[in-house]
Structures are given as C-alpha cells and as structure tokens.
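Reading the structure
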Amino acid sequence: MDTLTNLKAFLAVARTGSFAAAARELDVAASVVTKRISQIEWRLKTTLFERSTRRVKLTAVGLRYLPAIQRAIADVDELFAELPESGGELQGNVRIKAPGTLAVQLLGPVLERFQQRHPFVSLELLTLDRPVNPVDEGFDMVLTLMPDSFGGVFEEPLCPMPRILCASAAYLERKGMPQHPSELTQHEILNFLPAGTNWIFEGSTGELQVPVQPRLNTNEGQLILSGALAGHGIARMSAYLCESQRRAGTLVPVLQNYPIKPLWLKALVPESRTQVVRIQALIDWLKVELGKIAPTLSNLKGQA
C-alpha cells in the first residue's frame, strides 16, 4: 500500500467533498480514489467518510485524523522542498487561513506578487471568519485581526489595520452628525460581531468607551458595508473595506476627532513551522507589502 498517495487522496476527498472532484484534482479515475480511501479505512479499521448520493463528508473519526494527516503531508512536502531540484529557489506549499473580506480586498494581489517572485511555491488559501488554531486544523499560517492566542503557536505582528466610523450622507441628513461618542446611543449602529459592542475611542482627555446597541450585529464585513451604503446606520469597520466608497464620497467619516485604535493583523504559525524558509519568506513579504498599504488607508480618515 502506498501510504503517502493514499493519504493525499484522503485530503483531496476531505477538501472537495467528492470522490469525483478529488479524482479530477489528482488526475486519476474516481475508482482509484475510492480504492485508496478503502485501503486507509481497512488499515485504520474505521470509516473515515460518510457516503451519500449527494456528498461525501468526514465522519467524527475522520475529522479527528484530518489535522494529523495534514501535518504529515506538510512534513513530507517540506522534506522534498529542501531538495535542490529548482535551482535553490523556494518551493513547496503554504496552507493559509484568512478572513474572507481581507482575502478578497487586500490579500489577493499581494499573494499573486509573492508567487510571481517565487514560482515554485503553491498557496492554499481558505477564507474562514472564525477563530482557527493552526495546529489543530493543519494550517501553516492563520491571518487574523482578532486577539486569538493558542498554545504551541507563534504570533507574528504584520501591520496595523486602521478602522473608521462612517455612514451614508442620507443617513446623516436624516439622523444628524454625532459630535461626541456618547451620542452614538441615539443612533442606529452596524457592528462587527467579533470585535464586541463596547466601542472605544481616543479622546483629548483619554480613552472613551461607549456600549452600543446594534441594529445589525454580524461577523460578515460586507453586510456591514452594504448596510451603511443603504443608509441603515453608522458602521465601525476596517478602513480597507470601505476605501473606494470613502474616496467616492458615498460614505462619510463620522467622529473624526475621536480616533479608533487600529486592529493589528498578525500571522499565527505553529512553532514547528516557524523555521520553514518559504513560510518565513511569506511573512516577510506580507510585512513589507501590507505595510505599504496601511498608511494610505490611514490617510483617508480625514476625507469626506
């Protein structure tokens, strides 16, 4: 039994949720994938997938094995990546988790340029808007704006990501422009759920905290953006999310004299992966490239 090949088939089926899709990804017949999964299940004396006519999904046992198999394949890939087959250039795969809106609006071009610089490096990017332990879920790197912390995981700050309060001109005409954070209790609020409902501002005499009662409380930044554009309330969001709308004037900054502390984008990397050259190279790349973007977002704060 070719254990390595079978384990890669397991990961492909787990990722795609289909024997046929996994077969296309691996460029083999579906029957071959089915046989490879059966061999693993026979070896482990357990069922790893629940089969149905509509979808294949991991059993509880399969979910338990998934992170260990991901790490095992990553270690093997790392071994081969160290071999001088590509003339000393970086090679191998990096498995990344990132928030959806951040990945779509900022990370895409940055990662594309990284791969242009390092053509033998492949990237697997999953967008998940929830806390993720990279060790437990088999990621080489988790990018997060939240204060997530896990044992056995190294935290690398990448860059500050400015935040802003804004609303549509129509909403402000209807409800009025607040002059002090305390007035937010009289307004309709659109809130990013993971950041909490206690909004903190920097005032001339120190920190100001305002507990808000959101009209919309969600973990999806695009819903907050669309709600603000539709005139449904005042939104607190990352500056990158509404950059083009602020430039166009469809969203107006609110309470500019009371700044909001930026969130820090950081990379969470399993301690066992911190010495992998391509992972460290990607961290260094993100620091430089995102570091160029963050100041331009900050400079937009004063624009109406």
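Overview of the structure.

What counts as what
- Residues numbered from 1 in each chain as written.
- Predicted model: local features only at pLDDT ≥ 70, side-chain atom pairs only at ≥ 80, totals over all residues.
- Heavy atoms only, no water.
- Helix = DSSP H or I, 4+ residues; strand = E, 2+ residues; numbered from the N terminus.
- Buried < 20%, exposed > 50% of the residue type's maximum accessible area, 1.4 Å probe, protein only.
- Contact = heavy atoms within 4.5 Å.
- Areas by Shrake-Rupley, 256 points an atom, 1.4 Å probe, with all protein chains shown as cover.
- Core = buried A, V, L, I, M, F, W, Y, C linked by side-chain atoms within 4.5 Å.
- Pairing = 2+ DSSP bridges.
- Axes fitted to C-alpha atoms, helices over the stretch in contact; angles between N-to-C directions.
- Parallel < 35°, antiparallel > 145°, perpendicular 65-115°, else oblique.
- Nonpolar A, V, L, I, M, F, W, Y, C, P; charged D, E, K, R; others polar.
- Phe/Tyr/Trp six-rings, centres within 6.5 Å; stacked < 30°, edge-to-face > 60°.

1. Comments concerning the overall build of the protein
Tallying secondary structure elements over the protein gives ten helices and 14 strands in all. For the protein, the spread of C-alpha atoms along the principal axes amounts to about 70 × 45 × 35 Å. Among the 304 residues that make up the protein, the fraction classed as buried is 46%. Here the contacts in the protein between residues at least 6 apart in sequence split such that 73% fall between residues at least 24 apart. As displayed, the protein has an accessible area near 15100 Å², and 53% of this comes from carbon and sulfur atoms.

2. Describing the nonpolar core
Counting 43 residues, the largest nonpolar core has Leu107, Met141, Leu143, Met237, Leu265 and Leu286 as the members making the most contacts within it. Excluding residues that lie within four positions of it along the chain, Met141 makes contacts with Arg95, Ile96, Lys97, Ala267, Leu268, Val269, Ile279, Leu282, Ile283 and Leu286. Leu7, Leu11, Ala23 and Leu58 belong to the second-largest nonpolar core, a separate cluster that totals 19 residues.

3. Overview of the sheet that holds strand 11 (residues 216-218)
Remark on secondary structure: sheet strands pair via backbone hydrogen bonds, oriented parallel or antiparallel. Judged by pairing direction, the sheet is mixed, and its five strands sit side by side in the order 11-8-12-7-13 without closing on themselves. Either end of the sheet is taken by a strand with one partner, and the two such strands are strand 11 and strand 13 (252-253). In this structure, strand 8 (residues 189-192) lies alongside strand 12 (residues 234-238), joined through two bridges in parallel fashion. Its bridge partner being in strand 12, Ile189 is matched across the sheet by Ile234.

4. With respect to the packing of helix 1 (residues 3-16) against helix 3 (residues 30-44)
At a minimum axis distance of 9 Å, the contact between helix 1 and helix 3 shows a crossing angle of 110°. Taken together, the axis directions place helix 1 and helix 3 in an arrangement best described as roughly perpendicular. Contact with helix 1, carried on its side by Thr3, Thr5, Asn6, Leu7, Ala9, Phe10 and Val13, involves Val33, Arg36, Ile37, Gln39, Ile40 and Arg43 of helix 3 and no other residues of that element. Grouping the amino acids of the contact of helix 1 with helix 3 by side-chain chemistry returns seven nonpolar, four polar and two charged.

5. Quick notes on the side chain of Thr101
With respect to the secondary-structure elements, Thr101 resides in helix 5 (residues 100-117). Since its relative accessible area comes to 11%, Thr101 is described here as buried. If we ignore the near neighbours within four places in the chain, the residues touching Thr101 are Leu106, Glu220, Gly221, Gln222, Tyr240 and Leu241.

6. A look at unusual backbone geometry
In this structure, Asp27 is a non-glycine residue whose phi angle is positive, near 60°. With respect to the helices and strands, Asp27 occurs in the loop between helix 2 (19-26) and helix 3. If you check the backbone angles, Leu255 has positive phi at about 55° while not being a glycine. Following the sequence through the fold, Leu255 ends up in the loop between strand 13 and strand 14 (263-270).

7. A short note on the sheet that holds strand 3 (residues 92-98)
Pairing is mixed in the open sheet, where five strands are placed in the order 4-3-5-14-6. Bordering the open sheet on either side are strand 4 (121-127) and strand 6 (153-161), each of which pairs with just one other strand. Pairwise comparison of adjacent strand axes, ignoring direction, gives a mean angle of 20° for this sheet. Sheet topology note: the strand 3/strand 5 (residues 141-144) ladder contains two bridges and is parallel. Across the sheet, Lys97 pairs through a bridge with Val142, a residue of strand 5. Set on the sheet, helix 5 makes contact with strand 3, strand 4, strand 5, strand 6 and strand 14; between it and strand 4 the angle comes to about 180°.

8. Observations concerning the packing of aromatic side chains
Inspection of every chain in the model, using the stated rule, returns three aromatic pairs. Relative to Phe49, the ring of Phe19 has its centre 6.3 Å away and its plane inclined at 65°; by these criteria the two rings are edge-to-face. With Phe19 in helix 2 and Phe49 in strand 1 (residues 49-51), this pair connects stretches of sequence that are 30 residues apart. Given a relative accessible area of 12%, Phe19 falls into the buried group. In this structure Phe49 comes out as buried when scored by relative accessible area, which is 1%. Between the aromatic rings of Phe114 and Trp285, the centroid separation amounts to 6.0 Å while the plane-to-plane angle is 65°, which identifies the pairing as edge-to-face. Highlighted residues: Phe114 in helix 5 and Trp285 in helix 10 (residues 277-299), separated in sequence by 171 residues.

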